[in-house]
Amino acid sequence: MKKVILIVLSSIFFLSIGSCKRKKYTEVVEVPLPSKEEKMTIGLPEDVKADAGAFELLKLPYNYDALAPNIDAMTMEVHYSKHYLTYTNNLNKTLAGTELESLPIEEIFKKLDLNNADLRNNLGGYYNHTLYFDIMAPKAGGKPSDTLASAIDKDFGSFDNFKIQFEDAATKQFGSGWAWLIVDKAGKLQVTSTPNQDNPLMPRAVVVGTPILGIDVWEHAYYLNYQNKRKKYIEAFFNVINWKKVGEKYEEAIKK
């Protein structure tokens, strides 16, 4: 069987950024490709089990191939069963035996020491990916409705204006990271982005708020299908956004 080696940045091997020192780590994921005589076999999300711990994997409510052609099956399987699983297991190991283990994840973010790289990367990696997989669905896309639609029109002027800002934030996020639609402390919707596995819940975030929509722009989220064409992946992402789920998260956020 032939193999292709996909090199992606991941917070499993994190990028630490300082004013004078900068270390770069790469993750090497060997993705087996089928030979001409073999048929590619994709597993099932329900077969993926995390180790016992404080937090569980989000149960994926669709199969790996359900978002194709926007997000291909192999990318989904590697992303969910390798990256997301690893963040979950590493987070639970990091929390085990600490006072943080029994806290809700939002409370852990409030107490997070940003110098604790293991906790920072795995806490963000777990939370970010849980949100990402939760707000996508097959036969989705389109536009939001009801309260969220009104809020987007109010805070951005129109859905099209929001989409331009969101795509711009995702496209211009340098290197690995995320783009977000958040509800800020005043209850207003804002678009922002963060590097690596950071998010707007973390202390000293440039824009603080509760994420209700996020797109992963690490290369492992799109490179197998889109290679260096990140913008095409971002455009395709809008075809799989489950706006009903995003709307539910908006309603929850404005109640806090």
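Structure: above.
## Some points on the overall build of the protein chain
- Across its full length, the protein chain carries 8 helices and 7 strands.
- Counting contacts in the protein chain only where the partners sit at least 6 residues apart, residues at least 24 apart contribute 67% of the total.
- Just so you have it, the protein chain exposes about 13,300 Å², and 50% of that area is on carbon and sulfur atoms.

## Section: the side chain of Asp 72
- Within the fold, Asp 72 resides in the loop between β4 (27–33) and α1 (73–95).
- One buried charged side chain, Asp 72, makes no salt bridge at all; its nearest oppositely charged neighbour is Lys 82, positioned 13 Å away.
- Engagement of the side chain of Asp 72 in a polar contact is seen with the backbone nitrogen of Met 74, the distance being 3.3 Å.
- A distance of 2.7 Å separates the side chain of Asp 72 from the side chain of Thr 75, its partner in a polar contact.
- Ignoring any residue separated from it by four or fewer positions in sequence, one finds Asp 72 in contact with Tyr 64 and Asn 225.

## A look at the side chain of His 220
- Topologically, His 220 is positioned in the loop between β7 (209–216) and α6 (223–226).
- Owing to a relative accessible area of 4%, His 220 belongs among the buried residues under this scheme.
- Within the structure, the side chain of His 220 is placed 3.2 Å from the side chain of His 79, a separation counted as a polar contact.

## Here we look at the sheet that holds β7
- Reading across from one edge, β6-β5-β7 is the order of the 3 strands in this open sheet, with antiparallel pairing throughout. Here the strands that pair on one side only, and so sit at the sheet edges, are β6 (189–195) and β7. Across the sheet, the axes of successive neighbouring strands diverge by a mean angle of 30°, strand direction being ignored.
- Where strand β5 (residues 177–184) meets β7, 7 bridges bridge the pair, whose relative direction is antiparallel. Paired with Ala 179 across the strands is Ile 215, a residue of β7.
- In the packing of helix α8 (residues 243–255) onto the sheet, the strands contacted are β5, β6 and β7, and the crossing angle to β7 comes to about 155°.

## Some words on the pattern of salt bridges
- A complete count under the given rule lists 8 salt bridges for this structure.
- Residues Lys 245 and Asp 134 are paired through a salt bridge, measuring 4.0 Å at the closest nitrogen-oxygen approach. Highlighted residues: Lys 245 in helix α8 and Asp 134 in helix α3 (residues 117–134), separated in sequence by 111 residues.
- Using a relative accessible area of 26% as the deciding quantity, one classes Lys 245 as partly exposed.
- The shortest N-O distance in the salt bridge between Lys 245 and Glu 248 comes to 3.8 Å. Here Lys 245 pairs with Glu 248, and both are found in helix α8, just 3 residues apart, close to one helical turn.

## A look at the packing of α1 against α3
- In contact at an axis separation of 8 Å, α1 and α3 are set at 135° when each is read in the N-to-C sense. Taken together, α1 and α3 sit at an angle that is classed as oblique. Where α1 crosses over α3, the two elements pack in a sense that is left-handed. Of α3, the residues touching α1 (which contributes Met 76, His 79, Tyr 80, Tyr 84, Tyr 87, Thr 88, Asn 90, Leu 91, Thr 94 and Leu 95) are Asp 118, Leu 119, Asn 121, Asn 122, Leu 123, Gly 125, Tyr 126, His 129, Thr 130, Tyr 132 and Phe 133.
- Here the residues of the contact of α1 with α3 sort into 11 nonpolar, 9 polar and 1 charged.

## Observations concerning the nonpolar core
- Counting residues in hydrophobic clusters, the biggest one holds 68 residues, and the most contacted among them are Phe 133, Met 136, Phe 162, Leu 189, Leu 213, Tyr 233 and Phe 237.
- Other than its neighbours up to four places away in sequence, Met 136 contacts Tyr 62, Leu 67, Ile 71, Met 76, Phe 237, Val 240 and Asn 242.

## Let's talk about the packing of helix α4 (residues 146–156) against α8
- Running from N to C, α4 and α8 point in directions that differ by 75°, and their axes come no closer than 8 Å. One way to sum up the angle between α4 and α8 is to call them roughly perpendicular. Here Thr 147, Leu 148 and Ala 151 of α4 lie close against α8, whose contacting residues are Trp 243, Val 246, Gly 247, Tyr 250 and Glu 251.
- When grouped by side-chain class, the residues that make up the contact of α4 with α8 number 5 nonpolar, 2 polar and 1 charged.

## Remarks on the packing of aromatic side chains
- Summed over the entire model, instances satisfying the criterion amount to 22 aromatic pairs.
- Aromatic side chains Phe 55 and Tyr 126 sit 5.4 Å apart centroid to centroid with 45° between the ring planes, which places their arrangement in the tilted category. Taken together, the residues span a long stretch of sequence, with Phe 55 in the loop between β4 and α1 and Tyr 126 in helix α3 at a distance of 71 residues. As far as the burial class goes, Phe 55 and Tyr 126 line up, both buried.
- With a centroid separation of 5.8 Å and an interplanar angle of 85°, the aromatic rings of Phe 166 and Phe 238 are classed as edge-to-face. Pair noted here: Phe 166 is in helix α5 (residues 159–172) and Phe 238 is in the loop between α7 (230–237) and α8, with a separation of 72 residues, a long-range link.
- The exposure class assigned to Phe 238 is buried, which follows from its relative accessible area of 4%.

So, how was this worked out
- Residues numbered from 1 in each chain as written.
- Predicted model: local features only at pLDDT ≥ 70, side-chain atom pairs only at ≥ 80, totals over all residues.
- Heavy atoms only, no water.
- Helix = DSSP H or I, 4+ residues; strand = E, 2+ residues; numbered from the N terminus.
- Contact = heavy atoms within 4.5 Å.
- Areas by Shrake-Rupley, 256 points an atom, 1.4 Å probe, with all protein chains shown as cover.
- Buried < 20%, exposed > 50% of the residue type's maximum accessible area, 1.4 Å probe, protein only.
- Lys, Arg positive; Asp, Glu negative; His and termini not counted.
- Salt bridge = Lys/Arg side-chain N within 4 Å of Asp/Glu carboxyl O.
- Polar contact = N/O pair within 3.5 Å; in protein donor to acceptor, adjacent residues only side chain to side chain.
- Pairing = 2+ DSSP bridges.
- Axes fitted to C-alpha atoms, helices over the stretch in contact; angles between N-to-C directions.
- Parallel < 35°, antiparallel > 145°, perpendicular 65-115°, else oblique.
- Left-handed = near helix turned anticlockwise from the far one by under 90°.
- Nonpolar A, V, L, I, M, F, W, Y, C, P; charged D, E, K, R; others polar.
- Core = buried A, V, L, I, M, F, W, Y, C linked by side-chain atoms within 4.5 Å.
- Phe/Tyr/Trp six-rings, centres within 6.5 Å; stacked < 30°, edge-to-face > 60°.

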